[in-house]
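Now for the letters of each chain:
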Amino acid sequence: MIADRAVVAQPVDPGEVADKLIELLRAGPRDGIVEYGGPEVLRFDDAVRTWRQARKSRRPMLPVRFPGRLGRELRDGGLVTEAHPTGRRTWADYLADTYGGTATR
């Protein structure tokens, strides 16, 4: 597993995204972009670390800095939004539901 500790992300539950899309479709056409993110912002290495713990994985995590323009965009917050409302289901909730309650809440 690789992880860039300078990258932050805002994971959002796919079911919540689907619900939001249905809501937007029912509301009809609109101008602009609708942003929607998860309820928390996590450092990428922390998310990988808790995922490994939940899976009881012994694979090492290698701290790797993502290179180039994409890496710069990710480190500058390209995976987070200040939009409201946000999703409700946290990364810990996902891990607990997926891997049998092994994540800390």
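Please refer to the structure higher up on the page.
Predicted, not measured: the structure shown is a model, and the values here were computed from it.

Trainee: I'm lost on a nonpolar patch on the surface in this one. Help?
Mentor: Residues Ile2, Leu62 and Val64 make up a contiguous nonpolar surface patch of about 230 Å² in total accessible area. Position of Ile2 among the secondary structure elements: in strand S1 (residues 2-3). Under the relative-accessibility criterion, Ile2 is labelled partly exposed at 43%.

Trainee: Looking at this model, I keep getting lost on the pattern of salt bridges. Mind explaining?
Mentor: Oppositely charged side chains are able to pair whenever their charged atoms sit close together. Counting across every chain of the model gives nine salt bridges. Notably, a salt bridge pairs Asp4 with Arg75, separated by 3.2 Å at the nearest N-O pair. You can see Asp4 sitting in the loop between S1 and strand S2 (8-9) and its partner Arg75 sitting in helix H3 (residues 68-75), a full 71 residues away along the chain. Comparing Asp4 with Arg75, the two get one shared label, buried. We note a salt bridge from Arg43 to Asp45, for which the minimum N-O separation is 2.7 Å. Classification of Arg43 as partly exposed rests on a relative accessible area of 36%. Among the charged side chains, a salt-bridge network with shared partners connects Arg43, Asp45, Asp46 and Arg49.

Trainee: Even after reading the chapter, I still don't get the packing of aromatic side chains, so can you show me in this structure?
Mentor: When we look at a pair of aromatic rings, we describe it by the centre distance and by the angle of the planes. With the rule as written, the count across this model stands at two aromatic pairs. Plain terms: the ring middles of Phe44 and Phe66 are 5.9 Å apart, the flat faces sit at 70 degrees to each other, and that makes the pair edge-to-face. Placement of Phe44 in helix H2 (residues 44-55) and of Phe66 in the loop between strand S4 (62-63) and H3 is noted, with a sequence separation of 22 residues between them. Note on Phe44: relative accessible area 27%, which makes it partly exposed. Judged by relative accessible area, Phe66 falls into the buried class, the value being 18%. Centre to centre, the rings of Trp91 and Tyr94 are 5.3 Å apart; their planes meet at 25 degrees, and the pair counts as stacked.

Trainee: Whenever I open this one, the packing of H2 against helix H4 (residues 91-99) confuses me. Can you help?
Mentor: Working note: a packed helix pair is described by the angle between its axes plus the distance between those axes. For the pair H2 and H4, interaxial distance at closest approach is 10 Å and the crossing angle is 20 degrees. Classified by the angle between their axes, H2 and H4 sit roughly parallel to one another. Remark: the crossing between H2 and H4 carries right-handed chirality. Taking contact as the criterion, the partners of Ala47, Thr50, Trp51, Ala54 and Arg55 in H2 are, on H4, Trp91, Leu95 and Tyr99. Here the residues of the contact of H2 with H4 sort into six nonpolar, one polar and one charged.

Conventions used here
- Residues numbered from 1 in each chain as written.
- Predicted model: local features only at pLDDT ≥ 70, side-chain atom pairs only at ≥ 80, totals over all residues.
- Heavy atoms only, no water.
- Patch = residues over 30% accessible without salt bridge, like charges linked within 9 Å, V, L, I, M, F, W, Y side chains within 5 Å.
- Areas by Shrake-Rupley, 256 points an atom, 1.4 Å probe, with all protein chains shown as cover.
- Salt bridge = Lys/Arg side-chain N within 4 Å of Asp/Glu carboxyl O.
- Helix = DSSP H or I, 4+ residues; strand = E, 2+ residues; numbered from the N terminus.
- Buried < 20%, exposed > 50% of the residue type's maximum accessible area, 1.4 Å probe, protein only.
- Phe/Tyr/Trp six-rings, centres within 6.5 Å; stacked < 30°, edge-to-face > 60°.
- Axes fitted to C-alpha atoms, helices over the stretch in contact; angles between N-to-C directions.
- Parallel < 35°, antiparallel > 145°, perpendicular 65-115°, else oblique.
- Left-handed = near helix turned anticlockwise from the far one by under 90°.
- Contact = heavy atoms within 4.5 Å.
- Nonpolar A, V, L, I, M, F, W, Y, C, P; charged D, E, K, R; others polar.

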